[in-house]
Amino acid sequence: MLETLLEEIVEVKNALMLLLLPLLKQDFMAGTKQKERCDIVSHLIKRGCRADFIESPKVGVTTHSNDVNIQVTPGEVSVHLRPGSETSFLLKVHPLEKYPVDLYYLVDVSASMHKNIEKLNSAGFDLSQKMENISIDLRLGFGSYVDKTVSPYISIHPERIRNQCSDYKLDCMPPHGYIHVLSLTDKITEFRNAIKKQKISVNIDTPEGGFDAVLQAAVCQSHIGWRSEAKRLLLMMTDQTSHLALDSKLAGIVIPNDGNCHLKDNVYVKATSMEHPSLGQLSEKLIENNINVIFAVQGSQFHWYKDLLPLLPGTIARQIESQAANLGDLVVEAYEKLISEVKVQVDNTAQDINVNVTAICPDGSRKTGLEGCKNVKSAAEVLFNVSIAMKECGTTEGRKYVMIKPLGFNESTRINIHRRCNCQCEDTTKHKRICVSELLQDAEMSNCKGSTCGSNEEVFLEQCKMQKNHLICNGRGDCVGGKCICHKTKLGTVYGNYCEKDDFSCSYYLGNLCAGNGECESGKCRCFSDWEGDRCQCPLSLRKHCMDSDGQICSGRGTCVCGRCKCTEPSSFGHLCEFCPSCGTTCNDKRHCVSCHHSNSSQITLDQCRSSCAYRLHYTEQSSECITDDPSHFKIFLIIFVITFLIGLLNVLIIWRIMLQWNNYKIKSSADCRVPATKKDKTFLPAVCTKTVTYRRDHPEEININGSKLQVKETFKCSS
């Protein structure tokens, strides 16, 4: 009874202390300046401040679990920063192999382009055939442009107003800034009919109003019919340069372009009252609306557009042949190049926030975010390390978020910025509350019973994760009662217990996702039981072609890929990786298994045989081919080789000595100059006598031979 009473007294005392402590700590360092109450944790504790009275705001990144992005993940994060702090996270970009494609033709219809316009009639059908292999859904649209309809861009002569092409004896349509002719459609016949009805027009000066039309086609999304889930391509077809901002001042037009849509009855109505857009403004609108531009240029002006590409991210320039003969191939080539480049753009940055993006390409190289990765293969994943730092707390809160947008993608990442410049304890309405630090949060985590911590809602959320470190429902669904309800997307179907599967984000083979022999899970094909390969295109029965006579796959030096061995041992080669000069031979592998076939083998040996020699038990005896691989036989072979080598060397020395003596004998026999007259013709007179003469440097020896005193029958003699 007494013990129970004491315990109750202690509990009441602790409760009173908890109530009084906030009041007691309000006078901590009384009389000092407010900034002196801020210091590192260890210093504050030394001054007498308890850990549970210290507020130390966290710095880090929180990923939102309701992420609906498929290609760009995470779709939204929250970053908590303090002055001078920095944090980072990984942004993943996973391009799909096949996209729906919206292709909008924006054509210069000035008189010099009339042959190219005629060629467009067949280009639409040809292109639809070629795009079948790289797109699951192609839609085509069409628009035309000339220039601003004021002087000095067009002729305002009364006779030319009615028909600008009167000098060419052609029936032309009136000049116009931009006309949207056909919204995006999957009916090729509608596209071809629109091209057939198209007429040419005329202007005076060489540059055209192309960039006016490009901006309108980009921002007027509802008119054009751009789809949110499609890859958006705008093909600008021309043979001349385009006007830029400030050019329109020649016509007295000084109002800057506002970047908004101004189509009325599909006609651009602000062509005569607003300037041409600047390159910076045009770039911003293309990125904002996920538009990739292909400049298809005929003639010498191709290099003018090519020089603009660094200023217009997500654009590409290609040169077309006369009459657009290569237009279909040009579009396919440009599209494949665009989807193989993954770059990002950082928008809405604040003055006190620094954002640094580094691309980690599939080949291991690192590039800046704007430079990005090139030659990215289909279904490959590109990582971007996003580092965010806050220099200081400004006088204003500044912008609340930053956008990171991969160029040409219809998804982006929103980074919510939370600046922690003041302690929450400064809130006057709650100034008496205890500010809890990370230490107290750790103490709360210890109040777990068994394997369950927290509320039922937290338990349900954990049940919706494939693994502990995964997002809830893989970021593609909502957790309801511990079960995932997958989100709907126009790209395809998302399914699975954890929304980990879909029917669009994996590789295709012969037009089928995962070759029809597997399921797409987390961007990779998971093959059914009888199939393998990165696209589930290979039956498992092909593995028999990788098996050697020992029953090993690829001789134990490689892996079997679709019935063919891929050697993993650096020095191995051959159809079954059976050749490997630096590897242990087959005999070495077999030798320790020979004892498995002896009837008097111990039980330990037999157990080892079952585990390590099971696939070689059909070898019942040691074959003769392995004798030379025995260490003792190798020593004998080495001794014989050395002896044979020494004997051969000795023979070479003897032969060399004999040849040397023979040469000396021949030289000695030819040293005698005298020729007996009895053995030669009597009339023979030697003309030269072999004699070695040594000359001095100063007085060379003179030799005088008087041949007149010699008789015919005398023998020529050398003077000594």
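Note that the structure is predicted; figures quoted are calculated from it, not measured.

(A) Structural view of the overall build of the protein. Looking only at helices and strands, the protein has 15 helices and 30 strands in total. The burial tally for the protein puts 37% of its 720 residues in the buried class. Looking at the protein alone, contacts between residues at least 24 apart form 64% of all its contacts between residues at least 6 apart. As presented, the protein carries roughly 43100 Å² of accessible surface, and 54% of it is formed by carbon and sulfur atoms.

(B) Looking closely at the pairing of strand 5 (residues 99-108). Of all ten residues making up strand 5, ten are buried, and the element is well covered by its neighbours. Taken together, the ten bridges between strand 5 and strand 6 (residues 135-145) define a ladder with parallel strand orientation. Across the sheet, the residue bridging to Val107 is Ser144, located in strand 6.

(C) Quick peek at the confidence of the model for the protein. On average, the protein scores 76 in pLDDT, and the residues at 70 or more come to 71%. Here residues 677-720 is modelled with pLDDT under 50, and outside its nearest four sequence neighbours on either side it reaches 19 contacts, counting other chains as well.

(D) Examining the packing of aromatic side chains more closely. According to the stated counting rule, one finds eight aromatic pairs in the structure shown. One aromatic cluster is present, built from ring pairs that chain together Phe211, Phe295, Trp304 and Tyr305. Against the face of Tyr508 rests Lys98, its NZ or CZ located 4.8 Å from the ring centre. In this structure, Arg414 packs its charged tip against the face of Tyr401, placed 3.9 Å from the ring centre.

(E) The pattern of salt bridges, seen in detail. For the structure shown, the criterion picks out 13 salt bridges. Residue Glu288 pairs with Lys285 through a salt bridge whose shortest N-O separation is 3.7 Å. Here Glu288 and its partner Lys285 are both found in helix 8 (residues 279-288), three residues apart, which amounts to about one turn of the helix. Overall, Lys285 belongs to the buried group, its relative accessible area being 14%. A salt bridge links Asp502 to Arg476, with the nearest nitrogen and oxygen atoms 2.8 Å apart. With a gap of 26 residues between them, Asp502 in strand 22 (residues 501-502) and Arg476 in the loop between helix 12 (456-463) and strand 19 (477-480) connect regions that are remote in the sequence.

(F) A look at the nonpolar core. Counting residues in each nonpolar core, the largest one holds 78 residues, and the members touching the most others are Leu103, Tyr105, Leu120, Leu235, Phe384, Ile388 and Ile415. Top element by residues in this core is helix 10 (residues 327-339). It accounts for seven residues. Other than its neighbours up to four places away in sequence, Ile415 contacts Val77, Val79, Phe89, Val386, Ile388, Lys400, Tyr401, Val402 and Ile404. In this structure, Tyr145, Tyr178, Phe211 and Val219 belong to the second largest nonpolar core, which totals 33 residues.

(G) View of the sheet that holds strand 4 (residues 86-93). Within the open sheet, the five strands sit side by side as 2-4-16-14-15. Their pairing is antiparallel. Only two strands of the sheet have a single partner each, and these edge strands are strand 2 (72-73) and strand 15 (366-368). Pairing of strand 14 (residues 353-360) with strand 16 (residues 382-390) involves eight bridges; the strand directions are antiparallel. By the bridge assignment for strand 16, Val355 is matched with Ile388.

(H) The arrangement of the UniProt feature "transmembrane region" (unreviewed entry) in the protein in detail. UniProt feature "transmembrane region" (unreviewed entry): in the numbering of this structure it lies at residues 636-660. For residues 636-660, the helix share is 100%, the strand share is 0%, and the end-to-end C-alpha distance is 37 Å.

(I) Expanded view of the sheet that holds strand 17 (residues 401-406). Spatially, 1-3-18-17-13 is the arrangement adopted by the five strands of the open sheet, whose pairing is mixed. Both edges of this open sheet fall to strand 1 (60-63) and strand 13 (344-347), since each of them pairs with a single strand only. With direction set aside, neighbouring strand axes in the sheet form an average angle of 20°. Two strands pair when backbone bridges link them, and strand 3 (residues 76-81) and strand 18 (residues 413-419) are joined in this way by six bridges, in the parallel orientation. Bridging from a neighbouring strand, Val77 pairs with Ile415 of strand 18.

(J) Structural view of helix 6 (residues 210-219). Helix 6 sits mainly inside the fold: ten of its ten residues count as buried. Among the residues making up helix 6, those that are buried are Gly210, Phe211, Asp212, Ala213, Val214, Leu215, Gln216, Ala217, Ala218 and Val219.

(K) The arrangement of the state of the cysteines in detail. Scanning all chains against the criterion turns up twelve disulfides. A sulfur-sulfur separation of 2.0 Å characterises the disulfide bridge that pairs Cys464 with Cys479. Between Cys464 and Cys479, the S-S dihedral sits near 70°, and the bridge is therefore right-handed. Placement of Cys464 in the loop between helix 12 and strand 19 and of Cys479 in strand 19 is noted, with a sequence separation of 15 residues between them. On the accessibility criterion, Cys479 (21% relative accessible area) is partly exposed.

(L) Layout of the pairing of strand 4. What you see with strand 4 is a clean split: Thr87, Phe89, Leu91 and Val93 sit on the buried side and Glu86, Ser88, Leu90 and Lys92 on the side with no burial. One ladder, built from two bridges, connects strand 2 with strand 4; its direction is antiparallel. Opposite Val72, over in strand 4, you have Val93 as the bridge partner. Here strand 4 pairs with strand 16 via eight bridges, running antiparallel. From the neighbouring strand, Leu90 faces strand 16, where its bridge partner is Asn385.

(M) Spatial organisation of a nonpolar patch on the surface. A cluster of nonpolar side chains, namely Leu638, Phe641, Val642, Phe645, Leu646, Leu649 and Leu653, defines an oily patch on the protein surface of about 690 Å² accessible area. Along the chain, Leu653 falls in helix 15 (residues 631-669). When its relative accessible area of 47% is taken as the criterion, Leu653 is described as partly exposed.

(N) Geometry of helix 8. The buried fraction of helix 8 amounts to seven of the ten residues, a majority that puts the element mostly inside the structure. Of the positions making up helix 8, those classed as buried are Leu279, Gln281, Leu282, Ser283, Lys285, Leu286 and Ile287. Residues of helix 8 that are buried make contact with helix 6, strand 11 (291-297), helix 9 (302-308), strand 12 (315-319), strand 13 and strand 17. Positioned one or two residues after helix 8, Asn290 has a phi angle of 60°, which is positive.

(O) Fine view of the side chain of Gln71. With respect to the helices and strands, the residue Gln71 is situated in the loop between strand 1 and strand 2. Owing to a relative accessible area of 2%, Gln71 belongs among the buried residues under this scheme. Within polar-contact distance, the side chain of Gln71 engages the side chain of Tyr99 at 2.9 Å. Leaving out residues up to four positions away in the same chain, Gln71 has contacts with Lys92, Val93, His94, Pro95, Leu96, Tyr99, Phe409, Asn410, Glu411 and Leu491.

(P) Representation of unusual backbone geometry. With omega at -5°, the peptide bond leading from Thr73 into Pro74 counts as cis. Its location among the elements puts Pro74 in the loop between strand 2 and strand 3. With an omega of 10°, the peptide bond between Ser151 and Pro152 qualifies as cis. Looking at the element boundaries, Pro152 is found in the loop between strand 6 and helix 4 (158-162). We note that Asn375 has phi near 55°; this positive angle belongs to a residue other than glycine.

About the criteria used
- Residues numbered from 1 in each chain as written.
- Predicted model: local features only at pLDDT ≥ 70, side-chain atom pairs only at ≥ 80, totals over all residues.
- Heavy atoms only, no water.
- Helix = DSSP H or I, 4+ residues; strand = E, 2+ residues; numbered from the N terminus.
- Buried < 20%, exposed > 50% of the residue type's maximum accessible area, 1.4 Å probe, protein only.
- Contact = heavy atoms within 4.5 Å.
- Areas by Shrake-Rupley, 256 points an atom, 1.4 Å probe, with all protein chains shown as cover.
- Pairing = 2+ DSSP bridges.
- pLDDT = per-residue confidence, 0-100.
- Phe/Tyr/Trp six-rings, centres within 6.5 Å; stacked < 30°, edge-to-face > 60°.
- Lys NZ or Arg CZ within 6 Å of the ring centre and 35° of its normal.
- Salt bridge = Lys/Arg side-chain N within 4 Å of Asp/Glu carboxyl O.
- Core = buried A, V, L, I, M, F, W, Y, C linked by side-chain atoms within 4.5 Å.
- UniProt positions renumbered as here; feature names shortened; annotations may be inferred.
- Axes fitted to C-alpha atoms, helices over the stretch in contact; angles between N-to-C directions.
- Disulfide = S-S within 2.5 Å.
- Patch = residues over 30% accessible without salt bridge, like charges linked within 9 Å, V, L, I, M, F, W, Y side chains within 5 Å.
- Polar contact = N/O pair within 3.5 Å; in protein donor to acceptor, adjacent residues only side chain to side chain.

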